[in-house]
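# Chain and residue survey
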Amino acid sequence: MNPATTSSDTPLLSVQHLKTQFFTPGGVVKAVDDVSFDLQAGETLGIVGESGCGKSVTSMSIMRLIAPPGKIVGGKVMFEGRDLLAMNDNDMRHVRGKEVAMIFQDPMTSLNPTLTIGRQITESVELHLKLNGRAAQVRAAELLALVGIPSPAKRLGDYPHQFSGGMRQRVMIAMALSCDPKLLIADEPTTALDVTIQAQILELMSRLRDEFHMAVILITHDLGVVAGMADRIIVMYAGHIVEESLAADLYHDPRHPYTLGLLRSVPRLDSDRRSRLIPIAGLPPDLVNVPPGCPFAPRCTFAVDESLKERPELRPVAANHSVACWVDVRTAPQHEAIVEQQDEDATPVTVSVNAEG
Amino acid sequence: MAKEQDDLIKRDPAGVPLDDSAMDEEGVPARRVVTVLPTVGGDIIGEANSLWRDAWLRLRRNKLAVAGIFVLIFFVLVAIFADFIAQHPYDYQFSATQIRKEGLCPPIPVTPPNELPKPAPYCSVRFQPPSSYFWFGTDDLGRDVFSRVIFGTRISLAVGLISQLLILLIGLPIGLIAGYYGKWVDYLLMRITDVMYAFPTILFAIVVLAVFGQSLFNILLAIGLTFWPPMARLVRSQVLSVREKEYVEAARAIGTPNRSIIFRHILPNILSPVIVSITFGIPFAILTEAFLSFLGIGTPIPLPSWGLMVSDGKAYLRTDPTLVIFPGLAISLVLFAFNFFGDGLRDALDPRTRK
Amino acid sequence: MIQYIIRRLIGLFFVLIGIALLTFTLMHLAPGGPFSTERTLPPETVARITASYGLDKPLPLQFLTYIWNISHGDFGISYRQQIGAEVSNIIFTGFHNSLQLGLFAFAFTIFFGILLGILAAIGQNTWVDYSTMGVSLAGYSIPNFVLGTLLLIVAALVVNPHLPANFQIPIGGWIDNAGIGAIFLPTFVLALRPTSVLARLTRASMLEVIRQDYIRTAWAKGLGERVVIIRHALRNALLPVVTVLGDEMGNLITGSIVVEQVFVINGLGKQFVLSVQQLDYNIIMGTTIFYAFIVVLINLAVDILYAFIDPRISYTKART
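Reading the values: rules and limits
- Residues numbered from 1 in each chain as written.
- Chains lettered and ligands numbered in written order.
- Predicted model: local features only at pLDDT ≥ 70, side-chain atom pairs only at ≥ 80, totals over all residues.
- Contact = placed C-beta atoms within 7 Å.
- Helix = DSSP H or I, 4+ residues; strand = E, 2+ residues; numbered from the N terminus.
- Nonpolar A, V, L, I, M, F, W, Y, C, P; charged D, E, K, R; others polar.
- Axes fitted to C-alpha atoms, helices over the stretch in contact; angles between N-to-C directions.
- Parallel < 35°, antiparallel > 145°, perpendicular 65-115°, else oblique.
- pLDDT = per-residue confidence, 0-100.
- Pairing = 2+ DSSP bridges.
- Buried ≥ 20, exposed ≤ 12 C-beta atoms within 10 Å, placed from the backbone.

### What about the interface of chain C and chain B?
With 41 residues of chain C at the contact, the number on the chain B side is 35 residues. Those elements giving two or more residues to the side of chain C that touches chain B turn out to be α1 (2-29), α5 (127-141), α6 (144-159), α8 (184-210), α10 (225-262), α11 (268-278) and α12 (281-309) of chain C. Looking at the side of chain C that touches chain B element by element, the count peaks at eight residues for α1(C). Here the side of chain C that touches chain B is built from residues that sort into 30 nonpolar, 10 polar and one charged.

So this is what it looks like as structure tokens:
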């Protein structure tokens, strides 16, 4: 069809005003509400937020894997100049798995228990690369070797239950990479794994990203996971993007109170050992009856009158840095207060609380 | 101590467990679901009763189950008040004179004096069509079909309920003891259960009835003795899974006697699958009784068993199909109602399987 | 695997002994014996017949003799029904029709049960779903002897609208007299209930499986709907279905008793009912053990089949 035009000015992926809603008996859940972002070829984008913020729904919408009662109600997903949302099902199937591949959170349940690993890899290869049985087997073994599974040719005949969690996630990665995708979406790829395995998987993903020259969308609730890998980070809250910046800027110069809160609730190796972790109070809003104003306002220590009246748009505050907030957190008085309190407080760290809520 | 700390770490300040997979299958935030949990009269439902009350609320939303409940209530009322509803005894054979009086046969013409009496016009009490006197007509022996169907409700419901009680009485203790005590007790009881389980069910019921003779009581016995193994297996498997739960371990650790562990901790927690099993067992027992009676080895004549009525009517199907249709309809309706209700109950008690 | 099968076969042997013992005990609890209804016979004659069949020996000895004999394929002879005839012959003759009926019904059940279940699951909450589930609930609730009896007259009227009022079903037997075409009605009637069970179970299982993560993975690979449903969903969805197949097959074989009665089929079931009423010991024992043998064999076959469908099950203690 369209020749791939991946010049530097056309992004590989351009999500524009994406809206996805779930039509539940309790009302319409606005899971993703007007989300836009671009992704360049070879770039790694992190999407961060707590459960239910819409980050997974965003990725599933890109793949058009939203099942009823969910529905993509608006927007465009331009991939190499073509709108994925306007494609017919058949064309979309050629994109899935071939151009855009995906790995999921739980490797224990994401592999089919009744098919061999080999079969699960070869079926994509046969479908998209038109390899025949023998060649597909060879390719599958190569892929397993690539993701670091010992004696790959032998293990092709094994079933998922014969692999450990980390090994299964490697198999998932092998499956995703089997057709040389241009974009890999990783939805919480390490959340279900042990910490030591997490590091290995992240390391593997970075290495393969460079080898395959693919773009990656890394979805996680863990700021630590994206820190080392992402070029750019989007922070989502209640279905909206609240902050978008280069990875380094986000950690050193967070401009949204929510980002600030997230960072303060994560333990840091470089901070004073006596500094206290501060959780974000309260719960995310009900996405059925979203009140006007900034969705974070009820939990926000920086909130001003404006915050309760109108939702702030995402606007640039610096080069490659946008934020959706009425307040400039750097100049707000609360900022100083918190920093001071943090310094004075001499209580040792007793409870570490993750940002995830 | 260490465990407590673990728990603290896993909780956010609002006390909500942190769980990344806290999304339901559509990817809708789980918290959304929490907010729609039913509350009664504005109060948050108490913990102990909430399971049953939630189940009741879910059951009430299931239209088919509610319809089933209404039909069942109807049949229970019919069974209780059968004496008032039925116009005639179920085993009374009417005579031609009686039904002439009701105008169902042409009257015997009055013979004028000096003439030889004419033969009375033909009048049969058998196979009377439905009329205001015999709502469902009469059968091959001149008995009122409506009254027989009404009284048949008693037999069916009684067999359904009492046989399940019997099954519970046999199956529950066996399953409990086998599951709780394990070891050789379990082994022995389960081998006995295996033998019974492998016994072709209907065959066993037939042999029992042949041995002990045909009577209502023996039907109950036959069904009870035949169908307890699935109950025993169900209870055992439930006990095995509950036995390992922390609250049972805790009870054992503080020296709670076995009896109160079984009755206070295990029994209440295995109740819902047992109840569901009983709900489906009732229609099955009713069906079995009808089966056996249809074969002519169940309910003895002249008791009005629906199965027996279908069996009797079968010979006259060509001339009077109502003899099969009315009792057949009654039994189908009862089974329908129980199955609707059972489906609803199972889904209500186990929301995980709800579709 | 072979070890497992051998272990199961040994267990099966003891189960059959248990069933034989149970039946034997029950039978001899019954008042009277096979010859007690023939009042015309003088007591000495009855005693002589009883002795000649070895029925005067102590019960434990009788039982052991019986077990010894059947282990050699000797099921004894009929005392009442067809006096002197080999029970094994009687069983096999009767079983011919019952098995034919049972196998047809089983094939019907598997095909339509699973097919309807899948269709209902795919079209969840559409008219396909509602009508399939409605029919299956009806099939589950209407007793087969009621339906069979009514269908019989409908079928008879279709074939011959001018049936005489005293129409009776041919006594000689349905299948034997009317040919293979006549097997459809009994098959349908016998299979309706298990088909309904299977359809409902398949649907529920499919709906459960379709929500699983690995199905999402399959979609994400760009596979077509057919491949996702057949290769990925169906096999997993069939696991719980397979577990009930054994029970259903057992029900079909024994459940044919009633259908044989309705359609006047000379099957094993009809014979069994008759022999129970006459206390024809050897036929009762033989039929029971024979049925039980088939039921346990089917269950074993299903368990083995299960291991082939679900790779996580291994009956040896090797890998976990």
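### Focus on the interface of chain A and chain C
Facing the 23 residues of chain A at the interface are 19 residues of chain C. Going through the elements one at a time, α2 (89-95) and α3 (117-128) of chain A are the ones with two or more residues in the side of chain A that touches chain C. Counting residues per element, the side of chain A that touches chain C draws most heavily on α3(A), at four residues. A per-class count over the side of chain A that touches chain C returns eight nonpolar, 10 polar and five charged.

### Thoughts on the packing of helix α9 (residues 201-212) of chain B against α10(C)
It is at 8 Å that the axes of α9(B) and α10(C) come closest, and there the two elements cross at 55°. By the criterion of interaxial angle, the relationship of α9(B) to α10(C) is oblique. Contacts between α9(B) and α10(C) involve B:T201, B:I202 and B:L203 from the first element and C:T254, C:G255 and C:I257 from the second. Partitioning the contact of α9(B) with α10(C) into residue classes produces three nonpolar, three polar and no charged.

### Considerations on the confidence of the model for chain A
Residues and elements named next belong to chain A. Across chain A, the average pLDDT comes to 80, with 87% of residues at or above 70. The model gives residues 1-7 a pLDDT under 50, and that stretch makes 10 contacts with residues more than four places away or in other chains. Low confidence marks residues 342-357, where pLDDT is under 50. Its contacts with residues over four positions away, or in another chain, come to 35 contacts.

### Side note on the sheet that holds strand β5 (residues 82-83) of chain A
Residue and element names in this part refer to chain A. Read across the open sheet, the four strands follow the order β2-β1-β4-β5; overall the sheet is antiparallel. Sheet topology places β2 (27-39) and β5 at the edges, where each strand pairs with a single neighbour. Where strand β1 (residues 13-24) and strand β4 (residues 70-79) come together, eight bridges link them in antiparallel fashion. When the bridges of β4 are listed, S14 appears paired with M78.

### Focus on the sheet that holds strand β11 (residues 315-318) of chain A
All names here are of chain A. What the eight strands build is an open sheet, ordered β6-β7-β8-β3-β9-β10-β12-β11; its pairing is mixed. Both edges of this open sheet fall to β6 (100-103) and β11, since each of them pairs with a single strand only. Ignoring strand direction, the axes of neighbouring strands in this sheet form an average angle of 20°. Both strand β9 (residues 232-237) and strand β10 (residues 240-246) contribute to a ladder of six bridges, which runs antiparallel. Bridge assignment links M236 to a residue of β10, and that residue is I241. Contacts from helix α6 (residues 165-177) reach β6 and β7 (183-187) within the one sheet, and its direction differs from that of β6 by about 170°.

### Things to note about the confidence of the model for chain B
Residue and element names in this part refer to chain B. Per-residue pLDDT for chain B averages 76, and the proportion of residues at 70 or more is 85%. Confidence drops under a pLDDT of 50 for residues 1-48, and excluding neighbours within four residues, the segment shows 65 contacts in the predicted structure. Under the prediction, the complex receives an ipTM of 0.81, its pTM being 0.77.

### Concerning helix α10 (residues 257-264) of chain A
All names here are of chain A. Counting buried positions along α10 gives six out of eight residues, so the element sits mostly inside the fold. Within the span of α10, buried status applies to P257, Y258, T259, L260, G261 and L262. Buried positions along α10 lie against α8 (223-227), β9, β10 and α9 (247-252).

### Topic: the environment of C:I309
By the element assignment, C:I309 lies in helix α12. With 67 residues separating them in the primary sequence, C:I309 and C:V242 have C-alpha atoms 9.1 Å apart. Residues in contact with C:I309, not counting those within four places in the same chain, are A:T114, C:R235, C:L238, C:L239 and C:V242.

### Things to note about unusual backbone geometry
All names here are of chain A. Phi is positive for D180, close to 60°, though the residue is something other than glycine. In this model, A238 sits at a positive phi of 50°, which is unusual for a non-glycine residue. Tracing the backbone through its elements, the reader meets A238 in the loop between β9 and β10. According to the C-beta neighbour criterion, A238 is buried, with 24 such atoms within 10 Å.

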